[in-house]
2 protein chains.
Amino acid sequence: MPKRNTKTKQLIFDSLKKADTAVSQEILQAELGNAADRATIYRVLNSFCDDGIVHKIIGDDGKQYFAYCLNCAEKKHSHNHFHFRCLQCGKVECLPEEVDCKLPKGYHAVNFNGFISGYCSSCS
Amino acid sequence: MPKRNTKTKQLIFDSLKKADTAVSQEILQAELGNAADRATIYRVLNSFCDDGIVHKIIGDDGKQYFAYCLNCAEKKHSHNHFHFRCLQCGKVECLPEEVDCKLPKGYHAVNFNGFISGYCSSCS
DNA sequence: TTCGTTATTGCGACAATATCGCAATAAAGT
DNA sequence: ACTTTATTGCGATATTGTCGCAATAACGAA
Ligand SMILES: [Mn+2]
Ligand SMILES: [Mn+2]
Ligand SMILES: [Zn+2]
Ligand SMILES: [Zn+2]
């Protein structure tokens with residue numbers, strides 16, 4: 001029942017942690033080559049999400065992106081920040097500013113998925 | 001070269017307009033039955049987007065949703081509002097409040113895609 | 001109304017993304 | 001070392017959306 005530490009998990013974790021951006025399976029695959037299978041990458045990433053050490057965002061390109069949690073407390077995960085995808089270089093990054101969107105009365109938020117695409121400072 | 005008015009376009013337009021929600025191809029297909037083909041629905045919806053009478057949003061379920069533009073001026077399309085998807089009843093709606101997210105210096109926004117999922121007032 | 005042009009549609013093929021089932025592999029405790 | 005079983009690889013499958021192309025039908029002109 002307990003989770004096991006594997007080479008693949010470690011590789012993916014390292015990639016996520018050293019990246020200052022959110023990454024997709026495609027990006028990880030390119031880094032890892034045949035060191036990890038596609039399905040495995042997805043499984044590990046989703047597992048990390050369950051563990052609360054990574055958060056998942058759906059890009060406005062419809063793809064899944066995963067980012068290492070930086071300023072998340074042990075149990076308080078606040079991911080109410082936007083993510084920015086550069087249409088030129090493709091980088092997806094977490095924007096620092098936490099936002100709060102007021103919902104209509106009686107509405108209860110569960111997931112926040114703020115996404116903006118455009119051109120980053122390097123590509124503008 | 002000029003666009004033509006067709007039965008299918010009219011059906012889709014009517015569905016979009018009378019819906020107080022954003023709809024997906026799947027939803028429209030269910031309404032229209034075999035009155036319109038899947039590819040045609042997508043083509044018409046994207047065409048409406050080009051015309052500026054509809055806006056497209058990517059849901060946190062990865063699907064495309066389309067909503068009739070309500071408070072968009074002729075040329076000034078501001079869709080910087082969040083969209084809410086109810087995890088219970090599935091409805092996707094535009095939230096009234098327009099938001100502005102400040103980007104880091106040098107960043108230039110092109111597309112805004114704010115999405116929140118949770119439970120609506122009817123389903124809470 | 002009739003005709004000709006061509007925008008639009010239907011249909012199948014195709015592409016891209018993500019998940020699933022299952023046998024093979026390999027952590028980790030004994 | 002041995003056993004247990006979490007994890008992986010691989011192919012199959014599901015889902016969503018687009019594309020190519022021949023058939024159809026708007027719509028303006030005659
Ligand atoms: Mn983030
Ligand atoms: Mn909207
Ligand atoms: Zn860039
Ligand atoms: Zn609801």
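Everything discussed here concerns the structure shown above.
Rules used throughout
Within any chain, residue numbers begin from 1 and follow the written order of that chain's sequence. Going through the entries in the order they are written, you letter the chains from A and number the ligands from 1. Local features in a predicted model are, by the rule used here, given only for residues with pLDDT of at least 70; side-chain atom pairs are given and counted only at 80 or more, and totals for whole chains, interfaces and linings are based on all residues. Note that the side-chain values use all heavy atoms of the structure and ignore hydrogens as well as water. Note on conventions: DSSP H or I runs of at least 4 residues are helices, E runs of at least 2 residues are strands, and numbering of each starts at the N terminus. Type-normalised accessible area, obtained with a 1.4 Å probe on protein chains alone, sets the label of each residue: buried when under 20%, exposed when over 50%, and partly exposed for intermediate values. Note on contacts: a residue pair qualifies if any of its non-hydrogen atoms lie within 4.5 Å across the two residues. The method behind every accessible area is Shrake-Rupley, applied with a 1.4 Å probe, and residues are considered shielded solely by the protein chains displayed. Whether two strands pair depends on DSSP finding at least two bridges between them. Simply put, an axis is a line fit to the C-alpha atoms, just over the touching stretch for a helix, and the angle between two N-to-C directions goes from 0 to 180 degrees. To line up the copies, we fit them by least squares on C-alpha atoms, keeping just the residues with pLDDT of at least 70 in both. Coordinating N, O and S atoms are those within 2.8 Å of the metal (3.2 Å for Na, K and Ca), and as water is not part of the atoms, a site may appear to have fewer donors than expected.

Here the focus is the overall build of chain A. Counting its secondary structure elements, chain A contains three helices and five strands. For chain A, the α and β elements follow one another from N to C terminus as α-α-α-β-β-β-β-β. Overall, the C-alpha framework of chain A stretches about 45 × 40 × 25 Å when taken along its three principal axes. Evaluated residue by residue, chain A yields a buried proportion of 40% over its 124 residues. Pairs at least 24 residues apart make up 52% of the contacts formed inside chain A by residues separated by at least 6 positions. Of the roughly 7300 Å² that chain A leaves accessible, carbon and sulfur atoms contribute 50%.

Paired through backbone hydrogen bonds, the strands of a sheet run either parallel or antiparallel to each other. Taken together, the six strands give an open sheet; going across it, the order is β4(A)-β3(A)-β5(A)-β5(B)-β3(B)-β4(B), and neighbouring strands pair in mixed fashion. This sheet does not close on itself; its edge strands, each paired only once, are β4 (92-98) of chain A together with β4 (92-98) of chain B. Strand-to-strand twist of the sheet, defined as the mean angle between neighbouring strand axes without regard to direction, takes the value 25°.

With respect to the helices, strands and loops of the structure, B:Gly114 is situated in strand β5 (residues 108-119). B:Gly114 sits 20 residues away from B:Cys94 along the chain, and the two C-alpha atoms are 9.8 Å apart. Those residues within four positions of B:Gly114 in sequence are excluded, and the remaining contacts are A:Asn113, B:His81, B:Phe82 and B:His83.

With an RMSD of 0.1 Å, chain B superimposes on chain A once it is rotated by 179° and translated 0.0 Å along the axis. The superposition of one copy onto the other is thereby described by a two-fold rotation axis. Take the interface residues of chain B: 100% of them recur as interface residues in chain A, which is what a same-surface contact looks like.

Turning our attention to the coordination of the manganese ion (ligand 2). In an ideal octahedron of six donors the angles at the metal are 90 or 180 degrees, and in an ideal tetrahedron of four donors they are 109.5 degrees. Residue and element names in this part refer to chain B. The coordination sphere of the manganese ion (ligand 2), as far as protein atoms go, consists of His-55 (NE2), His-81 (NE2), His-83 (NE2) and Cys-94 (SG), spread over 2.0 to 2.3 Å. Sequence spacing of the donor residues for the manganese ion (ligand 2), all on one chain, is H-x25-H-x1-H-x10-C. Separated by 39 residues along the polypeptide, His-55 in strand β1 (residues 54-58) and Cys-94 in strand β4 bring together distant segments of the chain. The buried category is assigned to His-55, whose relative accessible area is 6%.

Let us look at the environment of B:Ala22. Residues and elements named next belong to chain B. Tracing the backbone shows Ala-22 in the loop between α1 (7-18) and α2 (25-32). In sequence terms Ala-22 and Val-92 are 70 residues apart; their C-alpha atoms lie 5.2 Å from each other. Excluding residues that lie within four positions of it along the chain, Ala-22 makes contacts with Ile-57, Tyr-65, Phe-66, Ala-67, Val-92 and Glu-93.

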